[in-house]
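If you want the building blocks of each chain, they are given just below.
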Amino acid sequence: MKGDRKKLTPKNRLLLYVDILGFREKVKDADAAASVYQTIDTCLRASAKAIENAEGFGTIYFSDTILFYSRDGGFSHERFKKLCDVATDVFNQLLANHVPISGAITFGPFYIRKKRDSDGQPIEGADPRLYFGQPLIEAYDAAKLEKWLGIIVCPSVTERFNPDYIDTMGRAFWQKRRDGKHFSLLLNPYFYLERYYQTMVRAGEKRKRELLHPASELESLRFLMTKVRQYSKDGDFSTAPAFRYHATMAFVRWTLSAAAFKWATGRDPLSAVAQGAY
């Protein structure tokens, strides 16, 4: 028993919880469920590069949930920033394929035990067979309360920040929100659109042609706009699905500069649409 307890000693880990919205309704139709799973698999494969760049993270996928967790214990701003990059990449990859999500980033003691061989040693590359902990509970509860599409950074993470760090990243990266005695951060999933636009504006014509369009972000934003226009045309601003899209668009309009938003949505001559990104 003592040996088992030792094996289950938790590490304080960063955790990204991703909830696939509307999945319950889709699984009632076997064909739709198969399509959703295929889309998720495609998007996770496309996100492999982000995971490779964010060395030190593992993935757990079950039902309508995707978890990304830090393999090593401890907190660092660098590790957190890598997980934010994974979060925004997964958000855009999925939404670009018409799969909306809600999610949360947390930190704390998270237990993971992988499948073991006959000698009792963890099998390299095997999926965890046992996982639980306070970060998963906090992330699940936080994501369920959100009424928009996106990723929230929970108090278990923000309480570890120096206030200057939050201000340094600024409005383009996230929005600070007071939640009782604590505060959370709402990640801007289109942060790299803003940065790309600012880089393109400063670049010369030759350099502009060399820059790669952030395709998944553009497709994601395009789908978001399509859904908002559809709900607006139907006069639907209050049902739960419609409100999520309207609230998300309002957040995007607040975080992106007016010029970057105009460029990304095809409303100026240098737009992604005009340059053939779509």
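Counting of residues starts from 1 at the beginning of each chain's written sequence and follows it residue by residue. Local features in this predicted model are restricted to residues of pLDDT 70 or higher, and side-chain atom pairs are both shown and tallied only at a pLDDT of 80 or more, whereas totals for entire chains, interfaces and linings draw on every residue. Only hydrogens and water are set aside; all other atoms, that is, all heavy atoms of the structure, feed into the side-chain values.

As for the pattern of salt bridges
- We define a salt bridge as a contact between a side-chain nitrogen of Lys or Arg and a carboxyl oxygen of Asp or Glu at a distance within 4 Å. By the definition in use, this model includes 4 salt bridges.
- One salt bridge in this structure joins D19 and K144, with 3.1 Å as the shortest N-O distance. Placement of the pair is D19 in strand β1 (residues 11–20) and K144 in helix α6 (residues 134–145), with a sequence separation of 125 residues.
- Given the relative accessible area of 5%, D19 is considered buried.
- Where D85 meets K81, a salt bridge forms, and the shortest distance between an N and an O atom there is 3.1 Å. In this pair, D85 and K81 are both assigned in helix α5 (residues 77–96), 4 residues apart and thus about one turn of the helix distant.
- The buried label applies to any residue whose accessible area, calculated with a 1.4 Å probe on protein chains only, is under 20% of its type's maximum; exposed applies above 50%, and partly exposed to all values in between. Judged by its relative accessible area of 21%, K81 falls in the partly exposed class. We count a stretch as a helix when DSSP gives it H or I for four or more residues in a row; a strand needs E for two or more, and each element gets its number in order from the N terminus.

Describing α6
- In this model, α6 (12 residues) spans 17 Å end to end at C-alpha, consistent with the 16 Å of a helix rising 1.5 Å per residue.
- All of the buried residues in α6 are P135, L136, E138, A139, A142 and A143. The buried residues of α6 occupy one face: seen down the axis, they fall within an arc of 165 degrees. A helix's residues, less one, multiplied by 1.5 Å, set its expected span. By construction, the arc corresponds to the directions joining the helix axis to the C-beta atoms.

Structural notes on the confidence of the model for the protein chain
- Per-residue confidence for the protein chain averages 80 on the pLDDT scale, and 77% of its residues sit at or above 70.
- Within a predicted model, pLDDT stands for the predictor's per-residue confidence, ranging from 0 to 100. Residue contacts follow a heavy-atom distance rule, with two residues in contact if any of their heavy atoms lie within 4.5 Å. Predicted confidence is poor over residues 1–6, with pLDDT under 50, and the contacts of this stretch with residues over four places away or in other chains come to 0 contacts.
- In this model residues 269–278 is a low-confidence stretch, pLDDT under 50, and it forms 24 contacts with partners more than four residues away in sequence or in other chains.

Thoughts on the packing of aromatic side chains
- Only the six-membered ring of Trp is used, alongside the rings of Phe and Tyr, when aromatic pairs are assigned; centres must lie within 6.5 Å, and planes under 30 degrees apart are stacked while those over 60 apart are edge-to-face, with the rest tilted. Taken as a whole and judged by the stated rule, the model has 17 aromatic pairs.
- Plain terms: the ring middles of F173 and W174 are 5.0 Å apart, the flat faces sit at 75 degrees to each other, and that makes the pair edge-to-face.
- Here F173 falls in the buried class, since its relative accessible area comes to 3%.
- Taken together, the ring pairs connect F75, F80, F107, F161, F173, W174, F191 and Y192 into an aromatic cluster.
- Cation placement over rings: the criterion is NZ of Lys or CZ of Arg within 6 Å of the ring centroid and within 35° of the ring normal. When the ring centre of F183 is taken as reference, the NZ or CZ atom of K176 above it lies at 4.4 Å.
- When the ring centre of Y245 is taken as reference, the NZ or CZ atom of K227 above it lies at 5.6 Å.

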